[in-house]
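Observations on the model geometry
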Protein chains: 2
Amino acid sequence: MKSAQVVKALSALAQPTRLAIFRLLVVRGVDGMAAGQIADKLKVSPANLSFHVKTLTHAGMISQRQDGRFVYYAANFTAMNAMLAYLTENCCAGTACELENKQC
Amino acid sequence: MKSAQVVKALSALAQPTRLAIFRLLVVRGVDGMAAGQIADKLKVSPANLSFHVKTLTHAGMISQRQDGRFVYYAANFTAMNAMLAYLTENCCAGTACELENKQC
DNA sequence: GTATTACTTTAATAATTATTTAACAATAGA
DNA sequence: TCTATTGTTAAATAATTATTAAAGTAATAC
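Calculation criteria
- Residues numbered from 1 in each chain as written.
- Chains lettered and ligands numbered in written order.
- Predicted model: local features only at pLDDT ≥ 70, side-chain atom pairs only at ≥ 80, totals over all residues.
- Pairing = 2+ DSSP bridges.
- Helix = DSSP H or I, 4+ residues; strand = E, 2+ residues; numbered from the N terminus.
- Contact = placed C-beta atoms within 7 Å.
- Near = placed C-beta within 6 Å.
- Nonpolar A, V, L, I, M, F, W, Y, C, P; charged D, E, K, R; others polar.
- Buried ≥ 20, exposed ≤ 12 C-beta atoms within 10 Å, placed from the backbone.

**Focus: the pairing of strand E3 (residues 70-75) of chain A**
Residue and element names in this part refer to chain A. Strand direction decides the pairing type here: strand E1 (residues 33-34) and E3, joined by two bridges, are antiparallel. Bridging across to E3, Ala-34 finds its partner in Tyr-72. The pairing of strand E2 (residues 62-67) with E3 spans six bridges and is antiparallel. Residue pairing across strands places Asp-67 opposite Phe-70, the latter belonging to E3. Where E2 folds back on E3, the antiparallel hairpin that results is connected by two residues, among which Gly-68 adopts a positive phi of roughly 65 degrees.

Right, dumping it as C-alpha cells:
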C-alpha cells in the first residue's frame, strides 16, 4: 500500500462522525447499512452524512451498493487491514520484539 | 480507549510528514531517534519537524526523552496497538468472520 | 563568559475541511 | 402522472491545519 493512500485512509477516519460511521459498519459486517439508518443512528443530517460517506468511499474505506431507493454502505475490511499492516510493518527493524515483549 | 482519543491519534497520523515520522520511529524501535536526525532523513525544516512531533506527542503516539542537547523521539507501541484494537473491535458483531474468511 | 549546536516557539499567511441550507435526482407507490 | 421517500450536490460560511521566517531557549564547547 502506498503512503499517500494510507494518509487518505487515516484522514477519512480522523473525524468523529466518520469514525462513528466506520465503526458502525465494521460491527455491522458485510451486509452494511442504509444511509438513512446510519444518519438516524448517529443523529446526523442526510446532507452531512452524504458528505462523510463520500469521503470514506473516496478513501476506499467503505463500499456502496444501491438497492431500490436505498443506498447501502459497508466497511471495506481489506482496505482496513492493509492500513493496519502498513502502520506496523517492519516494526523495530524486524527484530523479534513481538516475541520478546509484545510491543509491536 | 475513548473515541475522541482515537480521532486524535488518527488525525496525528493523517498527514504525510507525520506518517513518515511515525513509520520511521516504528521501524527504529524503542531507542528512538533524535529530532535533528529525523529532520535530516525526511528533509524537513527543524521548525516544521518540531511542529509535527508536538502534534504526535500530544496525541500520545510518540514519546520524548532529552539526552544532553538532543531530544529523542520514539514510537508509543502501546498507543498504536490500542488504536488498531479500537478499529477492529467487535467486528461483524462478534460472529466468527475471522475464522471463516479472514475479513477482520 | 561567549559562541555554537540542537531544538522550540511565535506570528503571519496559506490551504484545507466541516457544516448548513437549499435545490436537485431517482425510485417507488397511490 | 403526481407525490412521497431516499439520498446527493452545490454554494456559502466557519473552523481548523500546515508552512515559513524570525526570535527564543537550553545545553555543551571553547
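Next comes the rest of the account.
**Notes on the interface of chain B and chain A**
If you look at the interface, chain B gives 25 residues, while chain A gives 26 residues. Considering every element that reaches the side of chain B that touches chain A, the biggest residue donor is helix H1 (residues 3-13) of chain B, with six residues.

**Remarks on the protein's contact with DNA strand C**
What surrounds DNA strand C is a group of 23 residues, the closest being A:Gly68, B:Gly36, B:Pro46, B:Ala47 and B:Ser50. If you list the elements that add at least two residues to the surface near DNA strand C, you get helix H4 (46-58) of chain A together with helix H3 (35-42), helix H4 (46-58) and strand E3 (70-75) of chain B. Ranked by the residues each element gives to the surface near DNA strand C, the list is headed by H4(B), at seven residues. Its residues assigned to classes, the surface near DNA strand C shows 11 nonpolar, nine polar and three charged.

**Some points on the environment of B:Thr57**
Residues and elements named next belong to chain B. Counting through the fold element by element, Thr-57 comes out in helix H4. Among the residues examined, Thr-57 registers 15 C-beta atoms within 10 Å and is labelled partly exposed. Residues Thr-57 and Phe-77 lie 20 residues apart in sequence; the distance between their C-alpha atoms is 13 Å. When residues no more than four places from it in sequence are discounted, the contact partners of Thr-57 are Ile-62 and Gln-64.

**Some words on the protein's contact with DNA strand D**
Surrounding DNA strand D, one finds 23 residues, the nearest of these being A:Gly36, A:Pro46, A:Ala47, A:Ser50 and B:Gly68. Of all the secondary structure elements, the ones that give two or more residues to the surface near DNA strand D are helix H3 (35-42), H4 and E3 of chain A together with H4 of chain B. Here the element with the most residues in the surface near DNA strand D is H4(A); it accounts for seven residues. A breakdown of the residues in the surface near DNA strand D according to their chemical character gives 11 nonpolar, nine polar and three charged.

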